[in-house]
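Structure at a glance
Residues per chain are reported as follows:
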Amino acid sequence: MSMMWQDIVFLAGSTLSIVFLAPTARDATARIPLGSSVPSMSIGAIYAFTYATMGLTFSAVGSLGVAAMWSLIVCYRSPGPHDGPANTVRFVRASVRQLRESVLERPTESDPESVATGQPAD
């Protein structure tokens, strides 16, 4: 089977991403929010898996490299006091907690005034 030209184009894009992310990964003073880095890491991994299932081997390797760079940023360049892979777990827990709080803070139908105005009743 011949190589698809798109495989090389995707690999080139991933390689550029890795090159552009390297200074951030190396900068000990960089602080990238987990809300940006964890989704980027996840998307890189999903792309790698997707490319692999399509037979785009070079694209898959490139996207895996991007996911690895974002993983390093997640682990060592987040603004929190902790380092390491546990940052991903902390991010997921915080996101679930925020989602739960936003759902629980919705006005209820038993309070018609707050439903009509979007404000809590005093």
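So, a few notes on the structure that sits alongside this text. All figures in this text were calculated on a predicted structure; none of them were measured in a lab.

Topic: the side chain of Arg 77
Mapping Arg 77 onto the fold places it in the loop between α3 (57-76) and α4 (86-104). Here Arg 77 is buried and forms no salt bridge, its nearest opposite-charge partner Asp 83 lying at an N-O distance of 6.1 Å. There is a polar contact of 2.9 Å between the side chain of Arg 77 and the backbone oxygen of Ala 25. In terms of polar contacts, Arg 77 uses its side chain to reach the backbone carbonyl oxygen of Asp 27, at 2.8 Å.

With respect to the environment of Asn 87
Within the fold, Asn 87 resides in helix α4. Along the backbone, Asn 87 and Val 74 are 13 residues apart, and their C-alpha atoms lie at a distance of 6.6 Å. Beyond its immediate sequence surroundings of up to four residues, Asn 87 is in contact with Leu 34, Val 74, Cys 75, Ser 78 and His 82. At 3.1 Å, the side chain of Asn 87 forms a polar contact with the side chain of Ser 78. In terms of polar contacts, Asn 87 uses its side chain to reach the side chain of Arg 90, at 2.9 Å.

Let's talk about a nonpolar patch on the surface
A cluster of nonpolar side chains, contributed by Met 3, Ile 8 and Phe 58, occupies part of the molecular surface with about 270 Å² of accessible area. Its location among the elements puts Phe 58 in helix α3.

Concerning the packing of helix α2 (residues 34-53) against α3
In contact at an axis separation of 8 Å, α2 and α3 are set at 160° when each is read in the N-to-C sense. Compared by their axis directions, α2 and α3 come out roughly antiparallel. The hand of the α2/α3 crossing is left-handed. Of the residues in α3, those in contact with Leu 34, Ser 37, Val 38, Ser 40, Met 41, Gly 44, Ala 45, Tyr 47, Ala 48, Tyr 51 and Ala 52 of α2 are Ser 59, Ala 60, Ser 63, Leu 64, Ala 67, Trp 70, Ser 71, Ile 73 and Val 74. For the contact of α2 with α3, the class distribution of residues is 14 nonpolar, six polar and no charged.

Thresholds applied
- Residues numbered from 1 in each chain as written.
- Predicted model: local features only at pLDDT ≥ 70, side-chain atom pairs only at ≥ 80, totals over all residues.
- Heavy atoms only, no water.
- Helix = DSSP H or I, 4+ residues; strand = E, 2+ residues; numbered from the N terminus.
- Buried < 20%, exposed > 50% of the residue type's maximum accessible area, 1.4 Å probe, protein only.
- Lys, Arg positive; Asp, Glu negative; His and termini not counted.
- Salt bridge = Lys/Arg side-chain N within 4 Å of Asp/Glu carboxyl O.
- Polar contact = N/O pair within 3.5 Å; in protein donor to acceptor, adjacent residues only side chain to side chain.
- Contact = heavy atoms within 4.5 Å.
- Patch = residues over 30% accessible without salt bridge, like charges linked within 9 Å, V, L, I, M, F, W, Y side chains within 5 Å.
- Areas by Shrake-Rupley, 256 points an atom, 1.4 Å probe, with all protein chains shown as cover.
- Axes fitted to C-alpha atoms, helices over the stretch in contact; angles between N-to-C directions.
- Parallel < 35°, antiparallel > 145°, perpendicular 65-115°, else oblique.
- Left-handed = near helix turned anticlockwise from the far one by under 90°.
- Nonpolar A, V, L, I, M, F, W, Y, C, P; charged D, E, K, R; others polar.

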